[in-house]
Amino acid sequence: MNRNIENFKGKKYFSEDLFIYLNRLEEDFSRPHHYHDFIEITIIEEGSGFHYVNEKVLKVQKGDLFVIPIGASHVFRPSSSNSKNKLIVCNILFDCQFLKQIVNTAIVHGENSFAKWCTQLENNNTFDYLHLKDNHDTCLPLLRYMFVEFQEKQIGYSLILNAKLRELLIKLFRIEHQALPNLNPKITSYAINEVLSYMHQNLHKMITLADMASLMNISESHFVRLFKKYTNQTFIQYLQNIRIEKSCHLLLHTDFSIKEISYLVGYTNIDYFRELFVKKISVSPKAFRKMNTIL
């Protein structure tokens, strides 16, 4: 099930004077998996589908927003080839030269945490990708405005795009960091990230809320509140989502049977696994594998 992955070059999109490029696309099954030598910010404008990124499969819908670093392999797909199941995205591509300018300006103004965050965006060794939720419609109107400016190219449009991209990055920085809680420094046995890491590495095992709270040496009620604040999901929602994401990866990249995959992600009841998969992905495991083997 290996795919050819294309390399998209920034010189195809950027001019000598403007290192920014904007798109509004209806995704389909013809676009190849790809990586690129520039940074991409994409927001789901309409519909739902999947984002295949660095061997992961994420279900996406309106409001999902991604920052894709240099070298990350990814592609968006609609839920199916049915013309009614549209997946429309807005994205902005920009060169690292622009990011370096922002970093220098941020440092001059004493915005060191923002400067550090921007520096990390150009390094795929720092993170695979960034996934945020534009729950308050903060970023989509801004991207739409930028897209119109980019299309019309009126006098001063490049200055506007430069300014608006700075604004967009600041909004993303705020969204990401406002979502994080102030962790209690007394919690020393296990940080929440270690709990999440344990869950990802032990999907085949029974994982209970009580056990995870015990790992952190806190009460179950405190764990529930902390987990929801940190992940924006309940414990059960998060566990189900990462199990289904893992099953999607196994369906695409292994020849394990559906029953074997069900066990590997922690579900001994294959009927329940199928039911949950359909609920999360909108198609059965068998249909999902068949649909994506032709990509």
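Above this text is the structure in question.
Definitions and cut-offs
- Residues numbered from 1 in each chain as written.
- Predicted model: local features only at pLDDT ≥ 70, side-chain atom pairs only at ≥ 80, totals over all residues.
- Heavy atoms only, no water.
- Helix = DSSP H or I, 4+ residues; strand = E, 2+ residues; numbered from the N terminus.
- Expected span 1.5 Å × (residues − 1).
- Buried < 20%, exposed > 50% of the residue type's maximum accessible area, 1.4 Å probe, protein only.
- Arc of directions from axis to C-beta.
- Contact = heavy atoms within 4.5 Å.
- Polar contact = N/O pair within 3.5 Å; in protein donor to acceptor, adjacent residues only side chain to side chain.
- Pairing = 2+ DSSP bridges.
- Axes fitted to C-alpha atoms, helices over the stretch in contact; angles between N-to-C directions.
- Parallel < 35°, antiparallel > 145°, perpendicular 65-115°, else oblique.
- Left-handed = near helix turned anticlockwise from the far one by under 90°.
- Phe/Tyr/Trp six-rings, centres within 6.5 Å; stacked < 30°, edge-to-face > 60°.
- Lys NZ or Arg CZ within 6 Å of the ring centre and 35° of its normal.
- Nonpolar A, V, L, I, M, F, W, Y, C, P; charged D, E, K, R; others polar.

### Focus on helix α3 (residues 140-152)
Piece 1. Over its 13 residues, α3 extends 19 Å from the first C-alpha to the last, a length consistent with the 18 Å expected when each residue adds 1.5 Å.
Piece 2. Of the positions making up α3, those classed as buried are L140, L142, L143, M146, E149 and F150.
Piece 3. Just downstream of α3 lies K153, where phi reads positive at about 50°.

### So, the environment of F173
Piece 1. With respect to the helices and strands, the residue F173 is situated in helix α4 (residues 157-178).
Piece 2. For F173 and F114, which are 59 residues apart along the polypeptide, the C-alpha to C-alpha distance reads 7.0 Å.

### Here we look at unusual backbone geometry
Piece 1. The phi angle at N54 is positive, at roughly 50°, despite the residue not being glycine.
Piece 2. Of note, N54 is situated in the loop between β4 (39-53) and β5 (56-61).
Piece 3. At K153, a residue that is not glycine, the phi angle is positive and equals roughly 50°.
Piece 4. Mapped onto the elements, K153 comes out in the loop between α3 and α4.

### A short note on helix α10 (residues 270-281)
Piece 1. Under the 1.5 Å per step criterion, the end-to-end length of α10 is 16 Å for 12 residues, consistent within 8% with the ideal 16 Å.
Piece 2. Buried within α10 are the following residues: F273, L276, F277, K280 and I281. Along the axis of α10, the buried positions cluster into a sector of 110°, meaning they face one direction only. Facing away from the buried side of α10 by more than 90 degrees, the exposed set consists of D271, E275 and K279.
Piece 3. The inward-facing, buried residues of α10 contact β4, β5, α8 (235-253), α9 (258-264) and α11 (285-292).
Piece 4. By the N-cap criterion, in which a side-chain oxygen at the helix start approaches the backbone nitrogen of a residue two or three places on, α10 is capped by N269, the distance to D271 being 3.0 Å.

### Examining the pairing of β5
Piece 1. Note: β4 against β5, six bridges, orientation antiparallel. Bridge pairing in β5 links G49 to V60.
Piece 2. Between β4 and β5, which pair antiparallel in sequence order, lie two residues; one of them, N54, sits at a positive phi of approximately 50°.

### Thoughts on the packing of α8 against α11
Piece 1. Packing of α8 against α11 leaves a shortest axis separation of 9 Å and a crossing angle of 50°. By the angle class used here, α8 and α11 are oblique. For the pair α8 and α11, the sense of crossing is right-handed. Note on element contacts: α11 touches α8 through P285, F288, R289 and N292, opposite C248, L250, L251 and L252.

### A closer look at the packing of aromatic side chains
Piece 1. Scanning all chains against the criterion turns up 21 aromatic pairs.
Piece 2. Pairing F50 with F288 gives two aromatic rings, centres 5.8 Å apart and planes at 75°, and the pair type is edge-to-face. One end of the pair, F50, is in strand β4; the other, F288, is in helix α11, and 238 residues separate them in sequence. You'll find F50 and F288 in the same group, each marked buried.
Piece 3. Ring geometry for F277 and F288: centres 5.7 Å apart, planes at 70°, overall edge-to-face. Here F277, found in helix α10, pairs with F288, found in helix α11; they are 11 residues apart in sequence, far enough to count as distant. Across the pair, exposure class does not vary: F277 and F288 are buried alike.
Piece 4. The ring of F8 carries K12 above its face, with NZ or CZ at 5.9 Å from the centroid.
Piece 5. Directly above the aromatic system of F150 lies the positively charged group of K153, at a separation of 3.9 Å from the ring centroid.

### Regarding the environment of F227
Piece 1. Inspection of the secondary structure assignment puts F227 in helix α7 (residues 220-231).
Piece 2. Assessed through its relative accessible area of 1%, F227 is described here as buried.
Piece 3. Taking the C-alpha atoms as reference points, F227 and V195, 32 residues apart in sequence, are found 9.7 Å from one another.
Piece 4. Once residues within four sequence positions are removed from consideration, F227 is found in contact with I192, L196, M199, N232, Q233, T234, F235 and Y238.

### As for the side chain of N202
Piece 1. Within the fold, N202 resides in the loop between α5 (192-201) and α6 (209-215).
Piece 2. Look at N202 and you get buried, because its relative accessible area is 10%.

### Describing the packing of α5 against α7
Piece 1. It is at 11 Å that the axes of α5 and α7 come closest, and there the two elements cross at 85°. As summarised for this structure, α5 and α7 are arranged roughly perpendicular, according to the angle between their axes. Seen from α5, the contacting residues are I192, N193, V195, L196 and M199; seen from α7, they are F223, F227, Y230 and T231.
Piece 2. Residue composition of the contact of α5 with α7, grouped by class: seven nonpolar, two polar and no charged.

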